[in-house]
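Remarks on the overall topology
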Amino acid sequence: MPVDLIRIVSRDSPMALAQVERVRAELATLHPGTETTVLPVKTTGDKWMGDLSQVEGKGAFTKEVDAALLAGEADLAVHCVKDIPADRPLPAGTMFAAFLKRDDIRDALIHPGGLTLDQLPAGTRIGTSSVRRIAQLAASHPHLECVPIRGNANRRMEKLANGDADALLLAVAGLERIGRTDVITEILSTETMMPPIGAGVLALQCREGDTELIDTVSPLGDPDAYRETQAERMLLHVLQGHCNSPIAGFARVERGGELSLRACVFSADGKTVLNAHEWAGRLDPATLGTSVAVALLRQGARDVIDSIAH
Ligand SMILES: NCc1[nH]cc(CCC(=O)O)c1CC(=O)O
C-alpha cells in the first residue's frame, strides 16, 4: 500500500524547489492517492558566502536537510547527488531510496555578449568558485581569469548582470530546472569541461527501515542512473577527494548496456591532468568505480589531491 502522506524536505533555492516539484509530479502520476507537503530549509551552504572549505565542505548543502529527516520532521529528502559528500557514508540512519532518471550532465557557458568559450578574449572574468571548473579552464584556456562567485544560480546571474563577472559556467541541468536555458550561449562538451561526480542526478533519501515509504517512492528510480551513480560515488569514495579536490568524471551506460567510467584528477593550476577510462565488462558498478580510482592512484592521484589544502 502506498503511504497517504510524504513530507518532503529540501534546500529552499529555486532550483531545489523545482526539483521537489518534479518528484511530486512523478509521485502524483504513480500514486494519485498519496499527498505530499514540502519543508524548505536553508542550509549552511546557502547562508555562507565565503570559501566552502571553511564550513564543513560539501556537507554544507545537505546537513540541515538530513537533520530534518532524522528528526522525523520530514520523510523524504531530495538532493542533487553532486552535493552529497562521497568521501564518507550517508548520515547513519538514512539511505537512498531512488535515483531519478538523469538530466543533462554538461556545463554551459553564459556570456551576455554571446561569445563561445574559444572566442572569449584574454582576461575575460569567468565567475566560478568550482575548483573543478577552475582547474580545467586553467589547463585549456589559461588566458581566461576565474573570479569567485557564490550563491544559487539565480543569484549568480544577478551578480553577472551587476558586472561582478563577464561570464558564468553553470550546469545545464540546473538551468533547465529553473527555466533559464535562454541564457546559455554554449553547451560545453564533456571533453571540454568534464562534469562532476553525480551531475544531473537527483537522489531520494529516506530513513532506514521506512519500508512503506521506500516501497512507495522506489519505482521512481531509474536503473541506468543507479548504475552510473554507484560507479561515480565509489570512485570518489576510494579517491577520498575533499571539497577542494578538482576531480571530474562520469559513468555512462553505453549502447549495448555496458557501463563505462572515465575520470580526471587535476592539480589546482591545471598543469597536472590524470586521466583514466575503463569499461565494466563483468564488473559491477561499484567495482568499476574502485578500478578507475585505483588506476588514478597509480598515476599519483593521492599526491595531487593531498597537495591541495582543505
Ligand atoms: N553546486 C550547486 C549545484 N548542485 C547541482 C547543480 C546542478 C544540477 C545537477 O547537477 O544536479 C548545481 C548548480 C551548478 O553547478 O551549476
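Residues numbered from 1 in each chain as written. Predicted model: local features only at pLDDT ≥ 70, side-chain atom pairs only at ≥ 80, totals over all residues. Heavy atoms only, no water.

As recorded in an unreviewed UniProt entry, the protein chain goes by the name Porphobilinogen deaminase, listed as coming from Streptomyces peucetius. What UniProt records for the protein chain under Catalytic activity (unreviewed entry) is the sentence "4 porphobilinogen + H2O = hydroxymethylbilane + 4 NH4(+)". Per UniProt, the protein chain carries the Subunit (unreviewed entry) text "Monomer." (UniProt positions renumbered as here; feature names shortened; annotations may be inferred.)

Along the polypeptide, Arg282 turns up in the loop between strand S13 (273–279) and helix H9 (285–298). Overall, Arg282 belongs to the exposed group, its relative accessible area being 86%. Sequence-wise, Arg282 and Leu259 are 23 residues apart; in three dimensions their C-alpha atoms are separated by 9.7 Å. (Helix = DSSP H or I, 4+ residues; strand = E, 2+ residues; numbered from the N terminus. Buried < 20%, exposed > 50% of the residue type's maximum accessible area, 1.4 Å probe, protein only.)

Another point: the sheet that holds strand S12 (residues 259–266). The pairing of strands in a sheet happens through backbone hydrogen bonds and is either parallel or antiparallel. One open sheet accounts for three strands, arranged S11-S12-S13; its pairing is antiparallel. Sheet topology places strand S11 (247–253) and S13 at the edges, where each strand pairs with a single neighbour. Within the sheet, the average angular offset between the axes of one strand and its neighbour, ignoring direction, is 10 degrees. By the bridge criterion, seven bridges tie S11 to S12 in an arrangement that is antiparallel. Counterpart to Ile247 in the pairing with S12 is Val265. Sitting on the sheet, helix H8 (residues 223–239) is in contact with S11 and S12, with an inclination near 150 degrees to S11. (Pairing = 2+ DSSP bridges. Axes fitted to C-alpha atoms, helices over the stretch in contact; angles between N-to-C directions. Contact = heavy atoms within 4.5 Å.)

Taken as a whole, the protein chain is organised into domain 1 (5–101 + 201–221), domain 2 (107–187) and domain 3 (232–301). Taken together, the two surfaces of domain 1 and domain 2 that pack against each other cover about 880 Å², and 57% of this comes from carbon and sulfur. Our count for the domain 1 to domain 2 interface comes out at zero salt bridges. At the junction of domain 1 and domain 2, the tally comes to one residue pair in polar contact (both at pLDDT 80 or more). (Domains from an automatic or database assignment. Buried area = accessible area lost by both parts, 1.4 Å probe. Salt bridge = Lys/Arg side-chain N within 4 Å of Asp/Glu carboxyl O. Polar contact = N/O pair within 3.5 Å; in protein donor to acceptor, adjacent residues only side chain to side chain.)

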